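Breakdown of the fold
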Amino acid sequence: MNIAKAVASSPGLLEKLSLIQTDPLQKTPVLSAKIKLLWQCNLACVFCSLPKPSPPISREKVAEILRSLKSRGLLKIHFSGGEAFLHPQINGIIEDAVALGLQVNLTTNGTLITKEVARWIADSGVHSISISLDGASAKTHDKLRGVKGAFKATVRAIGHLARMSKKRPVVRVNTVVTSRNTDDLDAIHSLVLSISKKIKWKLIPVDTDDKTLRVNGDTILRIMEAAREWKALDVPPFNLSGDLMDAGRLTAAVRGEYGAAIRRGRICYAPWLTLFVDASGRAYPCCMTRGRIPTYGNVNRESLESALSGENARMARMNMASGLAPAICAKCDDFVAENQAIEQLIAKLRAGRNETTHIGVRR
């Protein structure tokens, strides 16, 4: 889903967003949401740290959340984990979301997707599925993912889905870029193309405080140069705010601060347009803020509407509107392109207002 297009086509929404700094508590639609269905995973990735496993969020609770969000304008839902296909009710959860007319996206490591599962996904109405592939060989991928045999199962799943997918689902391959697999990127690109030219490839900079896993400035520049030849690439790597990789932005990227512009006072519109619910039922504006700001509330103990209108949700919006973004926002690259697009829409709206005012004055 293109959030900028959704904003432009939602009556009155762009006007509300243009007034966020003076009126941050306006009620706006939740256009996109992400639900982490469970903490459990069958891999042990070196860059991932999951909480102690608890019971998965139930199909009934997911359906309740989706119905509530649908009434607030929800267009897209993204399911993830842990590993989503470990959820015992995953098929029913997907069916419920599709039946509501939502765009359904999934993220998975792919190891549990057999030919039969791939056929079911292809027929289910799922819009897109993203599968994690971090190496061009078992040596690299399995070491990063922590389980022997993961590479073979993942590549096989990508092949099944690519062959069975027609227009939908869109098959995406996500590669987490770390210092341990940058030499594999050309080969990963070739592997993706060899499976299917329909696959969209995305590079995701590693999100970790472990400096040994982050890439240095020279490597970032090398990757950006090589990316010009990668035909399968869906979006440019290191998608930072702005059009050019200047020295300041490069320094920020080396620190893992892909959303540094938000920390310098620009507004991220996620608190008004998106929602994240983790596997324990805690709600936040987005996945990056999980555990880093006070939760909106727990949907296992209160209604979603209550959480969205509560004090913590109000404070999150007021802080963002006043330029007091949480520290974690500096490390987020999830909403950079969407924020830029919304900013451009708002700029055009304001330019139109000014032109109308000038015409009125001349008259």
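Every value quoted in this text rests on a predicted model; they were computed, and no experiment measured them. (Residues numbered from 1 in each chain as written. Predicted model: local features only at pLDDT ≥ 70, side-chain atom pairs only at ≥ 80, totals over all residues. Heavy atoms only, no water.)

**Things to note about the overall build of the protein**
Stated precisely, the cut-off is as follows: Counting from the N terminus, the helices are the DSSP runs of H or I reaching at least four residues and the strands are the DSSP runs of E reaching at least two. With a 1.4 Å probe rolled over the protein chains alone, any residue whose accessible area is under 20% of its type maximum counts as buried; one over 50% counts as exposed, and the rest are partly exposed. Exposure was quantified through the Shrake-Rupley algorithm and a 1.4 Å probe, taking into account, for residues, occlusion by the shown protein chains and nothing else. For this count, His and the chain ends are skipped, Lys and Arg are scored as positive, and Asp and Glu as negative. Charge positions come from single atoms, namely NZ of Lys, CZ of Arg, CG of Asp or CD of Glu.
Looking only at helices and strands, the protein has 15 helices and nine strands in total. Viewed in the frame of its principal axes, the protein has a C-alpha envelope of about 70 × 50 × 40 Å. Of all 363 residues assigned to the protein, the portion counted as buried reaches 51%. In the form shown here, the protein has an accessible surface area of approximately 17000 Å², with 52% of it arising from carbon and sulfur atoms. The protein carries 52 positive and 33 negative side-chain charges, and their two centres are separated by 2 Å.

**Some thoughts on the sheet that holds strand β3 (residues 103–108)**
Rules: Pairing between strands is defined by DSSP: at least two bridges between the two strands are required.
Pairing in this open sheet of nine strands is mixed, and the strands run β6-β5-β4-β3-β2-β1-β7-β8-β9 from one edge to the other. Each edge of the open sheet is held by one strand with a lone partner, namely β6 (200–205) and β9 (297–298). Two strands pair when backbone bridges link them, and β3 and strand β4 (residues 128–132) are joined in this way by four bridges, in the parallel orientation. By the bridge assignment, Thr107 is partnered in β4 with Ser130.

**Notes on empty space enclosed by the protein**
For the record, the criterion: Only protein atoms enter the 1 Å grid used here. Points where a 1.4 Å probe fits but cannot escape make up a cavity, open sets with protein on both sides within 12 Å along at least five of seven lines make up a pocket, and a residue lines them when an atom lies within 4 Å of a point. Grid points are joined across faces, edges and corners, and a volume is the space filled by probe spheres set on the points.
Counting across every chain of the model gives one cavity of 30 Å³ or more. In this structure, the largest cavity occupies an estimated 60 Å³ of space. Contributing to the lining of the largest cavity are Thr28, Val30, Arg72, Pro271, Trp272, Leu273, Thr274, Leu275, Tyr296, Leu308 and Arg317. Listing elements by their share of the lining of the largest cavity, those giving two or more residues are α12 (270–273) and β7 (274–277). The greatest single-element share of the lining of the largest cavity, amounting to three residues, is contributed by α12.

**Section: the packing of aromatic side chains**
The criterion, for reference: Pairing of aromatic rings covers Phe, Tyr and Trp, the last through its six-membered ring, and needs centres within 6.5 Å; plane angles under 30 degrees mean stacked, over 60 mean edge-to-face, and all others mean tilted.
All told, the structure shown has one aromatic pair when counted by the stated rule. Between Trp201 and Trp230, the aromatic rings sit 5.2 Å apart at their centres with planes inclined by 65°, giving edge-to-face as the arrangement. Separated by 29 residues along the polypeptide, Trp201 in strand β6 and Trp230 in the loop between α9 (217–226) and α10 (247–254) bring together distant segments of the chain. Here Trp201 and Trp230 have matching classes, each one buried.

**Comments concerning α9**
As a reminder, the rule being used: Throughout, the arc means that of the directions going from the helix axis to the C-beta atoms. Counting of polar contacts relies on pairs of N or O atoms within 3.5 Å, with two restrictions inside protein: one atom must be capable of donating a hydrogen and the other of accepting it, and residues adjacent in sequence are counted only when both atoms are side-chain atoms.
Within α9, burial applies to Gly217, Thr219, Ile220 and Ile223. Within α9, the buried residues cover an arc of 160° as seen down the axis, which keeps them to one side. Residue Asn216 occupies the N-cap position of α9, its side-chain oxygen lying 3.3 Å from the main-chain nitrogen of Asp218.

**Points about the nonpolar core**
One recurring pattern in soluble globular proteins is that nonpolar side chains are buried together. Going by this rule: By nonpolar core is meant a set of buried Ala, Val, Leu, Ile, Met, Phe, Trp, Tyr and Cys residues that side-chain atoms within 4.5 Å join together. Contacts: residue pairs with any heavy atoms within 4.5 Å of one another.
If you look at the biggest cluster of nonpolar residues, it comprises 70 residues, and the most contacted ones within it are Phe79, Trp201 and Leu275. Ranked by residues supplied to this core, first place goes to helix α7 (residues 150–164) with seven residues. Once residues lying within four places of it in the same chain are set aside, the contact partners of Trp201 are Val173, Thr175, Leu185, Ile188, His189, Val192, Trp230, Ala232, Leu233, Asp234 and Val235. One finds Ile3, Leu13, Leu17 and Cys268 within the second-largest nonpolar core, a separate group that totals 21 residues.

**What to know about the side chain of Ser130**
Checked against the element boundaries, Ser130 lands in strand β4. Filtering out sequence-adjacent residues up to four positions away, Ser130 remains in contact with Leu106, Thr107, Thr108, Arg172 and Asn174.

**Structural notes on the pattern of salt bridges**
Pairing of side chains with opposite charge becomes possible as their charged atoms draw close. To be explicit about the condition: Salt bridges are identified by distance alone: a Lys or Arg side-chain nitrogen within 4 Å of an Asp or Glu carboxyl oxygen.
The tally for this structure, following the rule as stated, stands at 11 salt bridges. The partner of Glu64 in a salt bridge is Lys61, with the nearest N and O atoms 3.2 Å apart. Of this pair, Glu64 and Lys61 both sit in helix α3 (residues 59–70), separated by three residues, roughly a single helical turn. With a shortest N-O distance of 3.9 Å, Asp183 and Arg222 are connected by a salt bridge. Here Asp183 is found in the loop between β5 (170–177) and α8 (185–195), whereas its partner Arg222 is found in helix α9, with 39 residues between them in sequence.

**A look at the packing of helix α6 (residues 138–145) against α7**
Between two packed helices, what matters for the description is the angle formed by their axes and the separation of those axes. Note the cut-off: Lines fitted to C-alpha atoms define the axes, with helix axes restricted to the stretch in contact, and inter-axis angles between N-to-C directions lie between 0 and 180 degrees. The cut-offs work like this: below 35 degrees is roughly parallel, past 145 is roughly antiparallel, 65 to 115 is roughly perpendicular, and the gaps in between are oblique. For this classification, the nonpolar set comprises Ala, Val, Leu, Ile, Met, Phe, Trp, Tyr, Cys and Pro, the charged set comprises Asp, Glu, Lys and Arg, and every other residue, Gly included, is treated as polar.
Two numbers describe how α6 lies on α7: the axes approach to 8 Å, and their chain directions differ by 105°. Overall, the two elements α6 and α7 adopt an arrangement that is roughly perpendicular. Facing α6, whose interface residues are Ala138, His141, Asp142 and Arg145, α7 presents Ala150, Phe151 and Thr154. Tallied by class, the residues present in the contact of α6 with α7 amount to three nonpolar, two polar and two charged.

**Comments concerning unusual backbone geometry**
Pro169 follows Arg168 through a cis peptide bond whose omega is -5°. If you trace the backbone, Pro169 turns up in the loop between α7 and β5.

**What about helix α14 (residues 311–321)?**
Every buried residue belonging to α14 is among Ala313, Ala316, Arg317, Met320 and Ala321, and all of these are buried. Buried positions in α14, seen along its axis, are confined to an arc of 125° and lie on one side of it. Two residues or fewer after α14 comes Gly323, characterised by a positive phi angle close to 85°.

**Quick word on the pairing of strand β2 (residues 76–80)**
Cut-off, in case you're wondering: Handedness of a crossover is defined as follows: with both strands directed away from the viewer, a clockwise route from the first strand across the helix to the second makes it right-handed.
When you tally the buried positions in β2, you get five out of five residues, the bulk of the element. Here β2 shows a buried face lined by Lys76, His78 and Ser80 and a second buried face lined by Ile77 and Phe79. Here strand β1 (residues 32–36) pairs with β2 via five bridges, running parallel. Looking across to β2, one finds that Lys36 is bridged to Ser80. As a crossover connection, the stretch from β1 through α3 into β2 is right-handed. Here β2 runs beside β3; their pairing, made up of four bridges, is parallel. Paired with His78 across the strands is Asn105, a residue of β3. Following the backbone out of β2, through helix α4 (residues 90–99) and into the adjacent parallel β3, one traces a crossover that is right-handed.

Coordinates in, geometry out; function isn't part of it.
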